[in-house]
Amino acid sequence: MRLFVAVALDAALRREVERLRAPLMTHAPDAHWSQPEAWHMTLRFLGERPESELPALHDALGRVHRPQFPLELRGLGAFPARGRPRTLWVGVADPQPAKLLAAAVEEQLAALGFTPEARPFTPHLTLASAGKGSLAPLRVKLDPLEPAWGAQHVREFALFLSRPLRGRFEYEPLAAFPLHA
């Protein structure tokens with residue numbers, strides 16, 4: 001089972017991001033543009049895990065105690081930051097609450113024996129990957145843009161199953177974990 005932990009975008013925010021993304025798509029039509037129903041902010045990718053680990057993962061993630069928080073999507077960026085962009089993303093206006101949630105998830109996973117992530121956590125929403133196309137035409141568009149993409153209130157995070165489906169991935173939430181009011 002290919003698993004990850006994430007915050008899903010609500011329907012209103014997905015619609016707003018989709019509306020604002022549309023003009024960008026014309027500049028990189030051959031890129032792989034992510035599907036709105038799959039949009040999420042990954043807190044931790046777990047990779048391939050046996051189904052037998054699900055109860056322990058559920059228990060560990062249930063021990064994450066963080067408050068609810070506002071999530072405002074703002075700005076555009078690319079990975080890598082320099083050179084030929086491979087991934088186009090939307091940033092988070094105030095990344096601290098998401099970083100604290102990711103750190104709490106990481107702490108619980110470390111208690112299960114997961115190796116901590118080597119890279120620092122950067123909260124973002126992936127809009128597109130280069131795939132067989134190119135995101136290079138968007139490079140000039142990225143520098144001056146700091147658009148506000150919309151906001152939502154984060155009340156929970158979830159454990160997701162990721163399945164390949166006709167050249168893309170389908171995501172299924174397996175369990176949701178509420179944040180505290």
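One can find the structure itself at the top, above this paragraph.
Residues numbered from 1 in each chain as written. Predicted model: local features only at pLDDT ≥ 70, side-chain atom pairs only at ≥ 80, totals over all residues. Heavy atoms only, no water.

## Overview of the sheet that holds strand 4 (residues 69–79)
1) Next: Strand order in the open sheet made by the five strands is 2-6-5-4-7, with antiparallel pairing throughout. Edge positions in the open sheet fall to strand 2 (32–33) and strand 7 (148–154), since each of these has one partner strand only.
2) Next: Strand direction decides the pairing type here: strand 2 and strand 6 (residues 125–129), joined by two bridges, are antiparallel. Residue pairing for strand 6: W33 is matched across the bridge by A128.
3) Next: With respect to the sheet, helix 1 (residues 11–25) is in contact with strand 2, strand 4, strand 6 and strand 7, its orientation differing from that of strand 7 by roughly 160 degrees. (Pairing = 2+ DSSP bridges. Helix = DSSP H or I, 4+ residues; strand = E, 2+ residues; numbered from the N terminus. Contact = heavy atoms within 4.5 Å. Axes fitted to C-alpha atoms, helices over the stretch in contact; angles between N-to-C directions.)

## A closer look at the packing of aromatic side chains
Given two aromatic rings, one states the distance between the centres and the angle between the planes to describe the pair.
1) Next: Under the criterion given, the structure shown has four aromatic pairs.
2) Next: Judged by centre distance (5.1 Å) and plane angle (85 degrees), the rings of F4 and Y171 are edge-to-face. Of the two residues, F4 is situated in strand 1 (residues 2–8) and Y171 in strand 9 (residues 168–178); the sequence distance between them amounts to 167 residues.
3) Next: For F4, a relative accessible area of 4% gives the class buried. (Phe/Tyr/Trp six-rings, centres within 6.5 Å; stacked < 30°, edge-to-face > 60°. Buried < 20%, exposed > 50% of the residue type's maximum accessible area, 1.4 Å probe, protein only.)

## As for the sheet that holds strand 3 (residues 40–48)
1) Next: Read from one edge of the open sheet, four strands run 3-1-8-9, paired in antiparallel fashion. Edge positions in the sheet fall to strand 3 and strand 9, since each has one partner strand and no second. Ignoring which end each strand starts from, the neighbouring axes of this sheet average 25 degrees apart.
2) Next: Sheet topology places strand 1 next to strand 3; seven bridges connect them, and they run antiparallel. Among the inter-strand pairings, R2 is bridged to a residue of strand 3, identified as E48.
3) Next: Against the sheet, helix 3 (residues 96–111) makes contact with strand 1, strand 3 and strand 8 (156–165), and its axis sits at roughly 20 degrees relative to strand 3, the strand it touches most.

## Comments concerning the pairing of strand 8
1) Next: Sheet topology places strand 1 next to strand 8; five bridges connect them, and they run antiparallel. The partner of A6 across the bridge, within strand 8, is A158.
2) Next: As paired elements, strand 8 and strand 9 share ten bridges and run antiparallel to each other. Note that in strand 9 the partner of L159 across the bridge is A175.
3) Next: The hairpin turn running from strand 8 into strand 9, its antiparallel successor, is two residues long, and R166 in that turn takes a positive phi close to 45 degrees.

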